[in-house]
Amino acid sequence: MSAPSLRGDGTSEDVWWGPGGLDAVPGADPAAVRPPGRVVVVAPHPDDEVLGAGGTLAVWAAEGSEVAVVAVTDGEGSHPGSPTLTPAQLAMRRAVEREHALAALGLGAPVVHRLGLPDAGVGADDVARGLARLLRAGDTVLVPVAGDGHPDHDATADGGARAAAGAGVTCWRYPVWLWHWARPGAVSFVGARRLFLPAGAVRAKAAAIACFTTQIAPLSPDPRDAVILAEPVLARFRRDAEIVWGPR
Ligand SMILES: [Zn+2]
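Residues numbered from 1 in each chain as written. Predicted model: local features only at pLDDT ≥ 70, side-chain atom pairs only at ≥ 80, totals over all residues.

**Thoughts on the overall build of the chain**
Keep this limit in mind: Each helix is a run of DSSP H or I of at least 4 residues and each strand a run of E of at least 2, with the numbering of both proceeding from the N terminus. With C-beta atoms placed from the backbone, a residue is labelled by how many other C-beta atoms lie within 10 Å of its own: buried for 20 or more, exposed for 12 or fewer, partly exposed between the two. Two residues qualify as a contact pair if the distance between their C-beta atoms, derived from the backbone, is within 7 Å.
Scanning the chain from N- to C-terminus turns up nine helices and eight strands. The buried share of the chain, reckoned over its 248 residues, is 45%. Contacts in the chain between residues far apart in sequence, at least 24 positions, make up 83% of those at least 6 positions apart.

**Regarding the pairing of strand β8 (residues 241-245)**
Heads up, the condition is: Pairing between strands is defined by DSSP: at least two bridges between them are needed.
Of all five residues that make up β8, four are buried, and the element is covered over most of its length. Pairing geometry for strand β7 (residues 192-196) and β8, over five bridges, is antiparallel. Looking at the pairing, L195 lines up with E242 of β8.

**Overview of the environment of W179**
Looking at the secondary structure, you find W179 in helix α6 (residues 178-181). Given 25 C-beta atoms within a 10 Å radius, W179 is considered buried. If we skip the residues at most four places from it in the chain, W179 touches G10, T11, W16 and R236.

**Comments concerning the packing of helix α4 (residues 124-132) against helix α5 (residues 151-167)**
Selection criterion: Geometry is summarised by axes, namely lines fitted to C-alpha atoms with helices restricted to the contacting stretch, and by angles between N-to-C directions that run from 0 to 180 degrees. Here is the rule for angles: anything less than 35 degrees is roughly parallel, anything more than 145 is roughly antiparallel, 65 through 115 is roughly perpendicular, and the remaining ranges are oblique. Handedness of a crossing is defined here by the sense of rotation of the near helix relative to the far one, left-handed for an anticlockwise turn of less than a right angle and right-handed for a clockwise turn. Charged residues are taken to be Asp, Glu, Lys and Arg, nonpolar residues to be Ala, Val, Leu, Ile, Met, Phe, Trp, Tyr, Cys and Pro, and polar residues to be all remaining types, Gly included.
Where α4 meets α5, the closest approach of the two axes is 7 Å, and the angle between their N-to-C directions is 40°. For the element pair α4 / α5, the angle class is oblique. Helix-helix and strand crossings are classified by hand; for α4 and α5 the assignment is right-handed. Together, A124, D125, D126, V127, A128, L131 and A132 of α4 and A155, T156, D158, G159, G160, R162, A163, G166 and A167 of α5 make up the contact between the two elements. Residue composition of the contact of α4 with α5, by class: eight nonpolar, four polar and four charged.

**Thoughts on the environment of H113**
Positionally, H113 belongs in strand β4 (residues 112-114). Overall, H113 belongs to the partly exposed group, with 17 C-beta atoms counted inside 10 Å. Along the primary structure H113 and P44 are separated by 69 residues, whereas in three dimensions their C-alpha atoms are 12 Å apart.

**Looking at helix α2 (residues 48-62)**
The test is simple: Helices are assigned an expected span. That span is 1.5 Å times one less than the residue count. Take the seven residues that end at a residue and the seven that start at it, fit an axis to each, and the angle between those axes is the bend at that residue.
Its 15 residues place the ends of α2 20 Å apart at the C-alpha level, agreeing with the 21 Å of an ideal helix rising 1.5 Å per residue. Largest kink in α2: about 75°, centred on G54. Counted residue by residue, α2 has 14 buried out of 15 residues, so it is predominantly covered. At the exit of α2 stands G64, carrying a positive phi of roughly 110°.

**Remarks on the packing of α2 against helix α7 (residues 199-209)**
It is at 9 Å that the axes of α2 and α7 come closest, and there the two elements cross at 135°. Here α2 lies oblique to α7, going by the angle between them. In the packing of α2 onto α7, the handedness of the crossing is right-handed. Of α7, the residues touching α2 (which contributes V50, L51, G54, G55, A58 and V59) are A201, V202, A204, K205, A208 and I209. Residues that form the contact of α2 with α7 fall into these classes: nine nonpolar, two polar and one charged.

**Let's talk about the pairing of strand β3 (residues 67-71)**
As a reminder, the rule being used: By convention, orient the strands away from the viewer: a clockwise path from the first strand over the helix to the second makes the crossover right-handed.
Most of β3 is tucked away, with four of its five residues classed as buried. As paired strands, strand β2 (residues 39-43) and β3 are joined by five bridges and run parallel to one another. Residue pairing across strands places V42 opposite V70, the latter belonging to β3. On the question of chirality, the crossover connecting β2 to the parallel β3 by way of α2 is right-handed. Two strands pair when backbone bridges link them, and β3 and β4 are joined in this way by three bridges, in the parallel orientation. The residue bridging V70 from the neighbouring strand is H113, located in β4.

Now the structure itself:
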């Protein structure tokens, strides 16, 4: 199967809430399903953890959860050929953006474990190996949903789920790019929960997303510096709910 297209505006937020859409996913209070132990969120690129599960993490942190982030890549590949920032400069900028974003979620200064895998070249085996070293009994791992649609996300989903199974810990799954290319009716929401975000968590998530300035605005007018998370993409992350697939 060829990779789905992540170009253009993608499926609009209105469509996701239309017939066969997200209203049908069973709802839950995120605080009521908060995992008992440490939460380890595995992000292919800096921002994925915020886009996919930031509101839920904000609720869980406020309730006392310890949250750790696993940075699979440093996100150095978001603007290939940029005349403005080198890949190394981009990686540094994105690390700072993440630090501010996680603080905006109320996570304080959580531990960020870097795997240092190449952006746009993530291997599932490398994720599985890197994550296996970090997991301990009682953890709950959040990884991208299988088939999220970006090659780095799919490799992280695969390797992350294998590491979780190997460590015998619970695995949850969050979508990011699935919202772009998929449509209601083409996604199975079996096992998914629609976690209702309180207003404070919605605001915290918006503030966190606003920290990713290299992604939400062009680096320059040059086409190689174009915006990554354009308005139609961001609209899907302003929902007052996050859909996650929980343990089977
Ligand atoms: Zn990503």
